[in-house]
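Summary of the model geometry
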Amino acid sequence: MRHGQPSQTALGAAAYRAIHQTLEGGAIFKDPFASRILEEQTVASLNKTAADESLRPWRLFIAARSRFSEDTIADCVACGVRQVVVLGAGLDTFSLRNPFNNLGVYVFEVDYAATQEWKRERIKAAGLIVPQSLIFAPIDFEHESLSEGLRRVGFRMNQPAFFQWLGVVPYLTKEAVSSTLKFIAEVPRSVVVFDYAEPFQNYPAERRGDVIATAERAAARGEPWLSLFDPADLFELLRSDGFRTVEDLGLLEIVERFYGELKRDIRIGPGPHIVRACR
């Protein structure tokens, strides 16, 4: 991670969301600010990235996980939730598009202080404004807990909340993953949406090498994969951490629910998952 900027993984995800708007017309997930918030250097590389067909499955998955998360936000708001927490927000733009602002829905973005300052600069450069419903929650994870950081900026632990936690779990230790889930489960009527990846041994031999190579590239840029979960083991972890209802979408379910005509050439099998867990 470069000081003061999102990780390369976060920047890549933001670029994929932007490419999805132009290449697939936002068929899975619409984000009108996806390109505007990117820096010029990243925008200049979008065409080259879009031309790499090998990146297409990952791009569509990133669009699908954002769609699933924001669909869940709408469901939660309809049930009375007025607090949305975006963990590891990076360049996510939901807080800038917040369609529930008039209902009193506040968005708490959790990230490193330097990253948030860089994001503020990107928002200003894009000619956008920081809405009053967006609350930045800068946290130094080495010196304070998620609970302390959120409480400090007005998060109410006794009120229901939705937590979006995308693109983060593989880069944390299993202890850190469980600790975060335990905290979320302490919030009444809490709901969390996150994604995770399966262990290498779950993949067939002909695909395992490609997955390992992807993990090695992540490690080379200083972002190693630390936590991979078998679906059955993750289900048990969520239940032990206090979640009553768990919906785990594997690649087949994701493709059938969101991709439509875009599902061509997508190989079904072990891979990334999207989870919705409810307290």
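So, here's what we can say about the structure. (Residues numbered from 1 in each chain as written. Predicted model: local features only at pLDDT ≥ 70, side-chain atom pairs only at ≥ 80, totals over all residues. Heavy atoms only, no water.)

A separate point is the packing of aromatic side chains. Under the definition given, this model contains eight aromatic pairs. Between Trp 58 and Phe 61, the aromatic rings sit 5.2 Å apart at their centres with planes inclined by 20 degrees, giving stacked as the arrangement. Within this pair, Trp 58 and its partner Phe 61 are both found in helix H4 (residues 56-78), separated by three residues, close to a single helical turn. Its relative accessible area of 1% is what places Phe 61 among the buried residues. Plain terms: the ring middles of Phe 163 and Phe 183 are 6.1 Å apart, the flat faces sit at 85 degrees to each other, and that makes the pair edge-to-face. Taken together, the positions of Phe 163 in strand S4 (residues 162-165) and Phe 183 in helix H8 (residues 174-185) put the pair 20 residues apart, joining distant regions of the chain. A single burial state applies to Phe 163 and to Phe 183, both of which are buried. The rings of Phe 108, Phe 155, Phe 163 and Phe 183 are connected pair by pair, giving a single aromatic cluster. (Phe/Tyr/Trp six-rings, centres within 6.5 Å; stacked < 30°, edge-to-face > 60°. Helix = DSSP H or I, 4+ residues; strand = E, 2+ residues; numbered from the N terminus. Buried < 20%, exposed > 50% of the residue type's maximum accessible area, 1.4 Å probe, protein only.)

All right, on to the packing of H4 against helix H11 (residues 251-259) then. In contact at an axis separation of 10 Å, H4 and H11 are set at 75 degrees when each is read in the N-to-C sense. Taken together, the axes of H4 and H11 are roughly perpendicular relative to one another. The residues of H11 that touch H4, namely those facing Pro 57, Leu 60, Phe 61, Ala 64, Arg 67, Phe 68 and Asp 71, are Ile 254, Arg 257, Phe 258 and Tyr 259. Taken together, the residues that form the contact of H4 with H11 break down as eight nonpolar, no polar and three charged. (Axes fitted to C-alpha atoms, helices over the stretch in contact; angles between N-to-C directions. Parallel < 35°, antiparallel > 145°, perpendicular 65-115°, else oblique. Contact = heavy atoms within 4.5 Å. Nonpolar A, V, L, I, M, F, W, Y, C, P; charged D, E, K, R; others polar.)

A separate point is the pairing of strand S5 (residues 191-197). For S5, a buried count of seven out of seven residues is recorded, marking the element as mostly surrounded by other parts of the structure. With burial as the criterion, each face of S5 is covered, one bearing Val 191, Val 193, Asp 195 and Ala 197 and the other bearing Val 192, Phe 194 and Tyr 196. In terms of strand pairing, S4 meets S5 through four bridges, oriented parallel. Opposite Gln 164, over in S5, you have Val 193 as the bridge partner. Read from S4 through H8 to S5, the crossover connection turns out right-handed. When S5 meets strand S7 (residues 272-278), the two strands line up antiparallel, connected through seven bridges. Looking at the pairing, Val 193 lines up with Arg 276 of S7. (Pairing = 2+ DSSP bridges. Right-handed = clockwise from strand over helix to strand, strands pointing away.)

Take the nonpolar core next. Leu 150, Phe 155, Phe 163, Trp 165, Leu 181, Val 192 and Phe 194 are the most contacted members of the largest nonpolar core, which totals 32 residues. By residue number, the principal contributor to this core is H8, which donates five residues. Residues contacting Phe 163, with those up to four places away along its chain left out, are Val 85, Leu 87, Leu 150, Phe 155, Phe 183, Ile 184, Val 187, Ser 190, Val 191, Val 192 and Val 193. The next biggest cluster of nonpolar side chains, apart from the first, holds 31 residues, and it includes Ala 64, Val 86, Val 107 and Val 255. (Core = buried A, V, L, I, M, F, W, Y, C linked by side-chain atoms within 4.5 Å.)

This paragraph deals with the environment of Tyr 171. Along the chain, Tyr 171 falls in the loop between S4 and H8. Taking the relative accessible area as the measure of exposure, Tyr 171 reaches 23% and is therefore partly exposed. Note: C-alpha distance between Tyr 171 and Ala 219 (48 residues apart in sequence) is 9.7 Å. The residues contacting Tyr 171, other than those within four sequence positions of it, are Thr 9, Arg 221, Glu 223, Pro 224, Trp 225 and Leu 226.

The subject of this paragraph is the pattern of salt bridges. Oppositely charged side chains may form a pair once their charged atoms are brought near each other. Following the criterion strictly, the structure yields 15 salt bridges and no others. Between Lys 119 and Glu 109 there is a salt bridge, with the nearest N and O atoms lying 3.0 Å from each other. Here Glu 109 lies in strand S2 (residues 106-111) and Lys 119 lies in helix H6 (residues 113-125), a separation of ten residues in the sequence. There is no split in this pair, since Lys 119 and Glu 109 are both buried. (Salt bridge = Lys/Arg side-chain N within 4 Å of Asp/Glu carboxyl O.)

Any link to function would need more than the numbers given here.
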